[in-house]
Amino acid sequence: MQSTKAQLRAEILAARRSVTSRTRDAEAEVLASHLERFVNPGQIVCAYVPVGSEPGSLELIDALVRRDVVVLLPVARHDTTDTPLPLRWGRYRPGELVDAPFGLREPQQPWLPAHVVADAAVVLVPALAVDRQGVRLGRGAGFFDRTLLLAGPGASLVAVVRDDELVDRLPSEPHDVPMTHALTPRQGVVELHDRRRPQQ
């Protein structure tokens, strides 16, 4: 029987919590080196600050800035009916992050509107898992689902996961925005089947 999204989230989060900090740090360092070869100076990259056991690190973001990449970080808020809004963005400047809702860290104001994601060449997307067809399993909050609809048609949408979180098949829903790539420690940047492009 196929696992539900809730079951998969619980299993993956439990597995992530069992990973030692030493392993997480080593994997984050390798992720940063893979990403440096994928991103070009002068590009705009929408990224995120990992929390808890999420793959990646602040150093990964700092490494992009040192290469003259413009890094935008998300600002997550709900509207008055408690519905997640598309993410706004703030330019990352090292040492200037502030505490934010949901245990996150975010750039200080001023913030840019959600549609600036359309200018990004690469969008790094937090994920619990991603499959070979580009289906991403997130935490279910809905912020990125609403935001990725605004990304440019040529943007690389990169799910950042551990190696065993790149899987053959995940349950999908019509509103899911497919990822074009996965980024894992051992495999590096992996191109996925992108359903936004017509098949030849």
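Our subject is the structure listed above.
Note that the structure is a prediction, hence the values are computed from the model and not measured.

How each quantity is defined
- Residues numbered from 1 in each chain as written.
- Predicted model: local features only at pLDDT ≥ 70, side-chain atom pairs only at ≥ 80, totals over all residues.
- Heavy atoms only, no water.
- Pairing = 2+ DSSP bridges.
- Helix = DSSP H or I, 4+ residues; strand = E, 2+ residues; numbered from the N terminus.
- Axes fitted to C-alpha atoms, helices over the stretch in contact; angles between N-to-C directions.
- Salt bridge = Lys/Arg side-chain N within 4 Å of Asp/Glu carboxyl O.
- Buried < 20%, exposed > 50% of the residue type's maximum accessible area, 1.4 Å probe, protein only.
- Core = buried A, V, L, I, M, F, W, Y, C linked by side-chain atoms within 4.5 Å.
- Contact = heavy atoms within 4.5 Å.
- Parallel < 35°, antiparallel > 145°, perpendicular 65-115°, else oblique.
- Left-handed = near helix turned anticlockwise from the far one by under 90°.
- Nonpolar A, V, L, I, M, F, W, Y, C, P; charged D, E, K, R; others polar.

Asker: Looking at this structure, I do not really get the sheet that holds strand β3 (residues 88–91). What am I missing?
Answerer: Adjacent strands of a sheet form backbone hydrogen bonds with each other and so pair up, either parallel or antiparallel. A sheet is described by the order of its strands in space; here seven strands give the open sequence β3-β2-β1-β6-β9-β11-β12, paired in mixed fashion. Two strands bound the open sheet, and with one partner strand each, they are β3 and β12 (188–191). Adjacent strand axes in the sheet meet at a mean angle of 30° when their direction is disregarded. Here strand β11 (residues 181–184) pairs with β12 via four bridges, running antiparallel. Bridging from a neighbouring strand, Ala182 pairs with Val190 of β12.

Asker: Please explain the sheet that holds strand β8 (residues 136–137) as it appears in this structure.
Answerer: As summarised here, the arrangement of the three strands in space is β8-β7-β10, forming an open sheet in which the pairing is mixed. Both edges of this open sheet fall to β8 and β10 (166–167), since each of them pairs with a single strand only. Pairing between strand β7 (residues 129–131) and β10: two bridges, direction parallel. Opposite Val130, over in β10, you have Leu166 as the bridge partner.

Asker: I would appreciate a short explanation of the pattern of salt bridges in the present structure.
Answerer: Pairs can form between side chains of opposite charge once their charged atoms are near each other. All chains considered together, the criterion is met by nine salt bridges. Among the ionic pairs, Glu173 bridges to Lys5, the shortest N-O distance being 2.9 Å. With Glu173 in the loop between β10 and β11 and Lys5 in helix α1 (residues 5–17), this residue pair connects regions lying 168 residues apart in the sequence. A relative accessible area of 36% means that Glu173 is categorised as partly exposed. Take Lys5: its relative accessible area is 15%, and that puts it in the buried class. For Glu54, the salt bridge identified is with Arg139, shortest N-O distance 3.7 Å. With Glu54 in the loop between β1 (44–46) and α3 (58–66) and Arg139 in the loop between β8 and α4 (143–148), this residue pair connects regions lying 85 residues apart in the sequence.

Asker: Can you walk me through the pairing of strand β9 (residues 156–160) in this structure?
Answerer: For a regular strand, side-chain orientation follows a simple rule: the groups alternate between the two sheet faces. With five of five residues buried, β9 lies mostly within the body of the structure. Residues Ser156, Val158 and Val160 line one face of β9 and the alternating positions Leu157 and Ala159 line the opposite face, and both faces are buried. Where strand β6 (residues 122–126) and β9 come together, five bridges link them in parallel fashion. Following the sheet pairing, Val125 is matched in β9 by Ala159.

Asker: Where do I start with the nonpolar core in this structure?
Answerer: Soluble, globular proteins show a tendency: their nonpolar side chains are buried together. Ranked by internal contacts, the top residues of the largest apolar core, which has 27 residues, are Val123, Val130, Leu148, Leu157 and Met179. Among the secondary structure elements, those contributing two or more residues to this core are β2 (70–75), β6, α4 and β9. Among the elements that take part in this core, α4 stands out by supplying three residues, more than any other. When neighbours within four sequence positions are excluded, Met179 is seen to be in contact with Val125, Val130, Gly134, Arg136, Leu148, Leu157, Val158, Ala159, Leu192 and His193. With 21 residues, the next largest nonpolar core counts Val39, Val45, Leu73 and Tyr92 among its residues.

Asker: How do you make sense of the side chain of Glu165 when you look at a structure like this?
Answerer: Looking at the element boundaries, Glu165 is found in the loop between β9 and β10. Of the residues examined, Glu165 reaches a relative accessible area of 5% and is grouped as buried. Once residues lying within four places of it in the same chain are set aside, the contact partners of Glu165 are Ile12, Arg16, Pro55, Leu128, Ala129 and Val130.

Asker: Where do I start with the packing of helix α2 (residues 21–38) against α3 in this structure?
Answerer: When two helices pack together, you describe them by how their axes are tilted relative to each other and by the distance separating the axes. The N-to-C vectors of α2 and α3 enclose an angle of 25°; their axes lie 9 Å apart at closest approach. Judged on the interaxial angle alone, α3 and α2 are roughly parallel. Between α2 and α3 lies a crossing whose hand is right-handed. Contacts between α2 and α3 involve Leu31, Ala32, Leu35 and Glu36 from the former and Leu60, Ala63 and Leu64 from the latter. Among the residues forming the contact of α2 with α3, the class breakdown is six nonpolar, no polar and one charged.

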